[in-house]
Amino acid sequence: RKEVEQDPGPFNVPEGATVAFNCTYSNSASQSFFWYRQDCRKEPKLLMSVYSSGNEDGRFTAQLNRASQYISLLIRDSKLSDSATYLCVVNTSGTYKYIFGTGTRLKVLA
Amino acid sequence: IAGITQAPTSQILAAGRRMTLRCTQDMRHNAMYWYRQDLGLGLRLIHYSNTAGTTGKGEVPDGYSVSRANTDDFPLTLASAVPSQTSVYFCASSGDTNQPQHFGDGTRLSIL
């Protein structure tokens, strides 16, 4: 079993739709969680950190479920510019070990 | 603009040649990392450095070496390039080992 798993997609959604991605992790000692977006042939860019109580940044909401060992990303009112690959990243606190999921592709359609 | 600079942007290299990928950050981050990204495999850690003067091996270190003489620079060297090292290489840094990482633009390397 992979340490971090994501549905590869693609998720094809119309503009204005709400879409959610999940990411599961296997190491219960994981402490830090992040969502990145990556555009084709570009570097990953931090979208948001994920906090235990959940957090929101504009149209984006991140949640952490420690009991079931998954994090989620919700995107409301999808824009064409949201089309990208979304990477889930998990880190065991105090270590160099950031584990990246292989990403979920999102296509927002006009 | 503060951030991470990688060079070169891309390179085509003959097998057997030596190559050094450069990475410089100006954020005074303690930790730096080198990843390779291959289709379907996601990012895999090659080497890392928690602080200047120390380095460690990641998931796929074979064929690569690094050094961290100072806080800002973290070069990655391929001593004798092989075709399986064809990949996109990303350098990253973080303030500490549990903080978000920031990535450079990447180096596209093709070994023929």
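Below or above, wherever it landed, is the structure these notes cover. (Residues numbered from 1 in each chain as written. Chains lettered and ligands numbered in written order. Predicted model: local features only at pLDDT ≥ 70, side-chain atom pairs only at ≥ 80, totals over all residues. Heavy atoms only, no water.)

### Re the packing of aromatic side chains
The geometry of an aromatic ring pair is captured by the separation of the ring centres together with the interplanar angle, meaning the angle of the planes. Tallying each qualifying case throughout the model produces 14 aromatic pairs over all chains. Look at A:Y96 and B:Y48: their rings are 3.7 Å apart centre to centre, the planes differ by 5°, and that puts the pair in the stacked class. A residue pair is termed interchain when its members come from two chains, as with A:Y96 in the loop between β9 (84-92) and β10 (98-100) and B:Y48 in strand β5 (residues 42-49). A relative accessible area of 26% means that A:Y96 is categorised as partly exposed. The rings of A:F34, A:Y36, A:Y98, A:F100, B:Y33, B:Y35, B:F90 and B:F103 are connected pair by pair, giving a single aromatic cluster. (Phe/Tyr/Trp six-rings, centres within 6.5 Å; stacked < 30°, edge-to-face > 60°. Helix = DSSP H or I, 4+ residues; strand = E, 2+ residues; numbered from the N terminus. Buried < 20%, exposed > 50% of the residue type's maximum accessible area, 1.4 Å probe, protein only.)

### Considering the environment of B:D73
Residues and elements named next belong to chain B. Note on placement: D73 falls in the loop between β7 (64-66) and β8 (76-78). As for D73 and T5, which are separated by 68 residues in sequence, their C-alpha atoms are 9.7 Å apart. Of the polar contacts made by the side chain of D73, one reaches the side chain of T24; its length is 2.8 Å. (Polar contact = N/O pair within 3.5 Å; in protein donor to acceptor, adjacent residues only side chain to side chain.)

### Concerning the interface of chain B and chain A
Taken together, the 23 residues of chain B in the interface contact 19 residues of chain A. Three residues, B:T97, B:N98 and B:R108, lead the burial of chain B against chain A; their summed loss comes to 28% of the area buried on that side. One can count zero salt bridges joining chain B with chain A. At the boundary of chain B with chain A, the tally comes to six residue pairs in polar contact (both at pLDDT 80 or more). At the level of elements, β4 (31-38), β5 and β9 (87-94) of chain B are the ones that each hand at least two residues to the side of chain B that touches chain A. Sort the elements by how many residues they give to the side of chain B that touches chain A and β5(B) lands first, with four residues. Each residue belonging to the side of chain B that touches chain A can be placed in one class, and the counts come to nine nonpolar, ten polar and four charged. (Contact = heavy atoms within 4.5 Å. Buried area = accessible area lost by both parts, 1.4 Å probe. Salt bridge = Lys/Arg side-chain N within 4 Å of Asp/Glu carboxyl O. Nonpolar A, V, L, I, M, F, W, Y, C, P; charged D, E, K, R; others polar.)

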